[in-house]
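Inside the fold
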Amino acid sequence: MRPGDPADPLLRQVLPLADELADVAGYTRDPVGDRMASPVPGLLQKYSGRALLVTTGACAVHCRYCFRRHFPYSEAPHSLAQWQPALDQIARDPTIHEVILSGGDPLMLTDGQLARLVEQIAAIPSVRRLRVHTRLPIMIPERVTPDLLQLLQDSRLAPLVVVHANHPRELDYDVAHAIAALVRAGIPVLNQSVLLRGINDDLATLVELSERLVDLRVMPYYLHQMDRVAGGAHMAVPESQGRDLVARMRRQLPGYAIPRYVREEQSEPHKLPLD
Ligand SMILES: *Cc1c(COP(=O)(O)O)cnc(C)c1O
Ligand code: SF4
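What you see is a predicted model, and the numbers here were worked out from it, not measured in a lab.

So, on to the overall build of the protein. Of regular secondary structure, the protein possesses 8 helices and 9 strands. Over its C-alpha trace the protein gives a radius of gyration of 18 Å, about what one expects of a compact globule, namely 19 Å for 275 residues. In terms of overall dimensions, the protein has a C-alpha envelope of 45 × 45 × 35 Å along the principal axes. Within the protein, counting contacts between residues at least 6 apart in sequence, those at least 24 apart form 80% of the total. The centroid of the 30 positive side-chain charges in the protein is displaced by 3 Å from the centroid of its 32 negative side-chain charges.

With that settled, the discussion passes to the site of ligand 2. Residues in close proximity to ligand 2 include C59, V61, C63, C66, G104, R135 and H164, which together make up its full environment. By residue class, the composition of the shell around ligand 2 is 4 nonpolar, 2 polar and 1 charged.

In the vicinity of ligand 1, the residues found are L44, K46, Y47, R50, L52, I100, R131, Y221, Y222, E264 and K271. Separating an oxygen atom of ligand 1 from a side-chain N or O atom of R50 is a distance of 2.7 Å. Residue K271 places a side-chain N or O atom 3.0 Å away from an oxygen atom belonging to ligand 1. Each residue belonging to the shell around ligand 1 can be placed in one class, and the counts come to 6 nonpolar, no polar and 5 charged.

So, about the environment of R64. Looking at the element boundaries, R64 is found in the loop between β2 (50–54) and α2 (80–92). Overall, the relative accessible area of 16% leaves R64 in the buried class. With 29 residues separating them along the chain, R64 and R35 place their C-alpha atoms 21 Å apart.

With 47 residues, the main nonpolar core has L53, I90, L101, L117, I121, L130 and L171 as its most contacted residues. Sorting elements by how many residues they give to this core places helix α6 (residues 173–184) first, with 6 residues. Discounting chain neighbours no more than four positions away, the residues touching L53 are G42, L43, W83, A86, L87, V99, I100, L101, S102, G103, L117 and I121. Membership of the second largest hydrophobic core comes to 15 residues, among which are L203, L206, V207 and V214.

This model, assessed by the stated rule, comprises 18 salt bridges. Among the salt bridges present, the one from E20 reaches R69, with a minimum N-O distance of 3.0 Å. Taken together, the positions of E20 in the loop between α1 (9–12) and β1 (43–44) and R69 in the loop between β2 and α2 put the pair 49 residues apart, joining distant regions of the chain. The exposure class assigned to E20 is buried, which follows from its relative accessible area of 11%. Judged by its relative accessible area of 28%, R69 falls in the partly exposed class. The residue D244 makes a salt bridge to R248 at a minimum N-O spacing of 3.3 Å.

Further remarks concern unusual backbone geometry. Following G103, the chain continues into G104 via a peptide bond in cis, with omega recorded as 10°. Mapped onto the elements, G104 comes out in the loop between β3 (98–102) and α3 (111–122).

In this section: the environment of R129. Along the chain, R129 turns up in strand β4 (residues 129–133). Classification of R129 as partly exposed rests on a relative accessible area of 30%. The spacing of R129 and D201 is 72 residues in sequence and 33 Å in space, taken between C-alpha atoms. Beyond its immediate sequence surroundings of up to four residues, R129 is in contact with H97, E98, V99, L157, A158 and L160. Polar side-chain contacts of R129 include one of 3.4 Å to the side chain of E98.

What follows covers the packing of helix α7 (residues 203–215) against helix α8 (residues 239–250). Viewed as axis vectors pointing N to C, α7 and α8 meet at an angle of 55°, and their least axial separation amounts to 10 Å. Viewed along their axes, α7 and α8 adopt a mutual orientation that is oblique. For α7 against α8, the interelement crossing comes out right-handed. Residue-level inspection shows L203, L206, V207 and S210 of α7 in contact with α8, the latter providing L245, R248 and M249. Each residue belonging to the contact of α7 with α8 can be placed in one class, and the counts come to 5 nonpolar, 1 polar and 1 charged.

Calculation rules
Residues numbered from 1 in each chain as written. Chains lettered and ligands numbered in written order. Predicted model: local features only at pLDDT ≥ 70, side-chain atom pairs only at ≥ 80, totals over all residues. Heavy atoms only, no water. Helix = DSSP H or I, 4+ residues; strand = E, 2+ residues; numbered from the N terminus. Rg over C-alpha atoms; globule rule 2.2 N^0.38 Å. Contact = heavy atoms within 4.5 Å. Lys, Arg positive; Asp, Glu negative; His and termini not counted. Charge placed at Lys NZ, Arg CZ, Asp CG, Glu CD. Near = heavy atom within 4 Å. Nonpolar A, V, L, I, M, F, W, Y, C, P; charged D, E, K, R; others polar. Polar contact = N/O pair within 3.5 Å; in protein donor to acceptor, adjacent residues only side chain to side chain. Buried < 20%, exposed > 50% of the residue type's maximum accessible area, 1.4 Å probe, protein only. Core = buried A, V, L, I, M, F, W, Y, C linked by side-chain atoms within 4.5 Å. Salt bridge = Lys/Arg side-chain N within 4 Å of Asp/Glu carboxyl O. Axes fitted to C-alpha atoms, helices over the stretch in contact; angles between N-to-C directions. Parallel < 35°, antiparallel > 145°, perpendicular 65-115°, else oblique. Left-handed = near helix turned anticlockwise from the far one by under 90°.

Nothing here speaks to function; it is all geometry.
Here you go:
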């Protein structure tokens, strides 16, 4: 963050503003239907073949646009014993081939807690892949510890790590170092971003973000239309502008550097492509 700059795109992601108190029609506390998709506490199952574990409510930062900013984390499990019903549910459904660790941020767990959880997941024969959705390599890059790399490498499960950066300036020297460690460990690293007003809603920023990611061996995966979460309306970008930005990115970048521009819809079987 640039000290003294209230418009700084890194500051804007975490700065609480009075705008958040505005009650805007269509913006709700559960914008993506998480509650409907939860068969047992802590488990979300919306899409075929994948199940998502809400491992913790803690994060390295409080992003103001977070779609789970009102999530009832206190109802989610907090220990291995409490995750058991979710794990049992995964074991009962042989169509689940991938478990996604989410939250909050799963890397807020200790390496010991994570190792035990991953071991339990790996003991379910039908699960093949483990995906970790985390913003910690961006926010606290020191969290990418040798023990973490080892546990991902040693698991029977094929690992993927999806990080979350919205602006090229988030990818500084220390972050590059942490990402390089993941890449060197043979772990595919993807990035997802959220399209945000005043932060990355311009062509130059999105192009630079994609280029910087690819240079770090990170594949741009998703550019999310912001979920309509209560308190976030002031950060939303119209879909028409998002489509236009992605169309213009295509003219400048190789195909692999273009993230899929998507929106999450409660009743759809996958994230909806917008372009
Ligand atoms: C986004 C999401 C996933 C993962 O979707 P992909 O398109 O595979 O990245 C899985 N489960 C839930 C509940 C999700 O919200
Ligand atoms: S890191 Fe992710 S889950 Fe945590 S506050 Fe930010 S967007 Fe929400």
